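Here is what each chain is made of, one letter per residue.
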Amino acid sequence: MRLPSLATPARTRTHRLLPRRVGVRLTLLYGVLFVVSGAVLLGITYLLVAGASGSRVLVEDPGGRGVPRADGGLLPDAGAPGPGPRPGDVTRQLTEQAARQHAANLRELLVQSGIALAVMVVVSVVLGWLIAHRVLRPLRTMTGTIRRISADNIHERLAVTGPADELKDLADTVDGLLGRLETALDAHRRFVANAAHELRTPLTLEHALLEESLIDRDATTESFRANFERLLEISEQQARLLESLLALAGSQRGLDRREVLDLALVAEQVVGSAGPEIARRGLRADTAMGPAALLGDPGLVQRLVSDLVDNAVRHNLPGGRLELATGSRGGRAVLAVSNTGPPVPPDHVERLFEPFQRLGRTAAEGHHGLGLSIVHAVAAAHDAVISAASRPGGGLAVEVVFPPCAPHSGEHGTDIAQLDNVAGLR
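Residues numbered from 1 in each chain as written. Predicted model: local features only at pLDDT ≥ 70, side-chain atom pairs only at ≥ 80, totals over all residues. Heavy atoms only, no water.

**Q** Please clarify how the overall build of the protein should be interpreted in this entry.
**A** When its secondary structure is counted, the protein shows 10 helices and nine strands. Counting every position in the protein, which comprises 426 residues, the buried fraction comes to 31%. Considering only contacts within the protein whose residues lie at least 6 apart along the sequence, 70% involve residues at least 24 apart. For the protein, the exposed surface amounts to about 26,800 Å²; the carbon and sulfur share of it is 59%. (Helix = DSSP H or I, 4+ residues; strand = E, 2+ residues; numbered from the N terminus. Buried < 20%, exposed > 50% of the residue type's maximum accessible area, 1.4 Å probe, protein only. Contact = heavy atoms within 4.5 Å. Areas by Shrake-Rupley, 256 points an atom, 1.4 Å probe, with all protein chains shown as cover.)

**Q** Just to check I follow, could you spell out the sheet that holds strand β9 (residues 396–404) for this structure?
**A** Pairing between the strands of a sheet is mediated by backbone hydrogen bonds and can be parallel or antiparallel. With mixed pairing, the five strands of this open sheet are ordered in space as β4-β6-β7-β9-β8. Looking along the sheet, the strands with just one partner apiece sit at the ends: β4 (284–289) and β8 (385–390). Put simply, the sheet's adjacent strands are angled 10° from each other on average, direction ignored. Where strand β7 (residues 332–339) meets β9, six bridges bridge the pair, whose relative direction is antiparallel. Across the sheet, the residue bridging to Val334 is Val401, located in β9. (Pairing = 2+ DSSP bridges. Axes fitted to C-alpha atoms, helices over the stretch in contact; angles between N-to-C directions.)

**Q** Looking at this structure, I do not really get the packing of helix α8 (residues 298–314) against helix α9 (residues 371–381). What am I missing?
**A** Two packed helices can be described by the angle between their axes and the distance between those axes. The contact between α8 and α9 brings their axes to 9 Å, and the two run at 145°. The chirality of how α8 crosses α9 is left-handed. Between α8, through Leu300, Val301, Arg303, Leu304, Asp307, Leu308 and Asn311, and α9, the contact on the second element is made entirely by Gly371, Leu372, Ile374, Val375, Val378 and Ala379. When its residues are assigned to classes, the contact of α8 with α9 shows nine nonpolar, two polar and two charged. (Left-handed = near helix turned anticlockwise from the far one by under 90°. Nonpolar A, V, L, I, M, F, W, Y, C, P; charged D, E, K, R; others polar.)

**Q** Would you mind showing me how to read the packing of aromatic side chains here?
**A** We describe a pair of aromatic rings using the distance from one ring centre to the other and the angle between the two ring planes. With the rule as written, the count across this model stands at one aromatic pair. Considering the side-chain rings of Phe224 and Phe228, the 6.2 Å spacing of their centres and the 40° angle between planes classify their relative orientation as tilted. With Phe224 and Phe228 both in helix α5 (residues 221–253), this residue pair falls four residues apart, about one helical turn. You can call Phe228 partly exposed: its relative accessible area is 48%. (Phe/Tyr/Trp six-rings, centres within 6.5 Å; stacked < 30°, edge-to-face > 60°.)

**Q** When you look at the pairing of β7 in this model, what are you seeing that I'm missing?
**A** Among the eight residues of β7, seven are classified as buried, and the element is accordingly described as predominantly covered. Counting the residues that bridge the hairpin from strand β6 (residues 321–329) to β7 gives two residues, and of these Gly330 lies at a positive phi of roughly 65°.

**Q** Would you mind going over the pairing of strand β5 (residues 293–296) with me for this structure?
**A** Side-chain positions along a regular strand alternate between the two faces of the sheet. Here β5 shows a buried face lined by Leu294 and Gly296 and an unburied face lined by Ala293 and Leu295. Across four bridges, the pairing between strand β3 (residues 259–262) and β5 is antiparallel. Bridge pairing in β5 links Asp262 to Ala293.

**Q** I'm lost on the side chain of Thr27 in this one. Help?
**A** By secondary structure assignment, the location of Thr27 is in helix α2 (residues 22–51). For Thr27, a relative accessible area of 6% corresponds to the buried category. Once residues within four sequence positions are removed from consideration, Thr27 is found in contact with Val125, Gly128, Trp129 and Ala132.

By themselves these figures say nothing about function.
What follows is the structure in structure tokens.
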């Protein structure tokens, strides 16, 4: 059995030694940068001064016996008085004295510069601390405001004013994120309220039917049977609602698997399954199935096509028409579904993809308003683009464009025209 190592990694130990506050780290950074730059400046100054010539001495013949030469000797002077000190000894002594003085000056320069550098290090640390706190003050303000924001006051914003710098961009980004969170939270609250209402209504009706059966002393077998049949119908509606809610939650969670599939085959299976209902309503189904390869979850893609077809069948006129086409456009699989039906206000089209939107229909008719919301969630899970538009004569045209599954081959050009005609978006 291998025991875990008790040794702490070097990186972990290094991170533990670093200060945890940004202000302290910035101060240390400013101080280190100043020390390094000051030391470099001091070294350059020292080298420049040390390289300067400090041993050349200009001397005069103390005995007046000659004129100094460039090499330190004397040129003989005819009018000079008697013998005196040797010029070479005087020059050598003065040169040695100048060299010692130059070395002393360098040491004094180094000592004085070091003292000045030490003083300025302290000053730079203090100034760095003040500057760091000044720079981080807006961040502390934003952090405090964000901490105060919760689900009850998510409408608040940072609303930072000032020049358009990095801090302003950060504050604007946070405000945008808070706005999206507020929208999502409001949608979640509406969804929970609507779902609770949808589940409470059949429960209330079930309770009323059971109570009626219990308190009616003159109830007969036929009345009991009628109530039980009604309860069974309500139970089936609840089961369909729960199944739709589970499908919506599953599609919003994302994809568990991806497979290459042909959208045309999926659409043909869905249309075949919906054939009896289409015939019962007296509808005419016009299909144009072109190859359309995509990468996705087969179950979710089938649910998307099924809900679109079901929506086109249910929200149609007696003897109306259903049109469905698949194909490729720019290497992307495209599904287009349209129907004839009651007029749809253009400003209500986007609302149809929200949960529990029925446009006048009720849950008692078997419509929970979750079909198109599931379509929207499945399309989002596949990174597909969904567009919808109300048709001039009534009904709705929906088009779903999936991401490319393979490089565009330029084929299926005829399918593109069919898709545009069916979708009614040209």
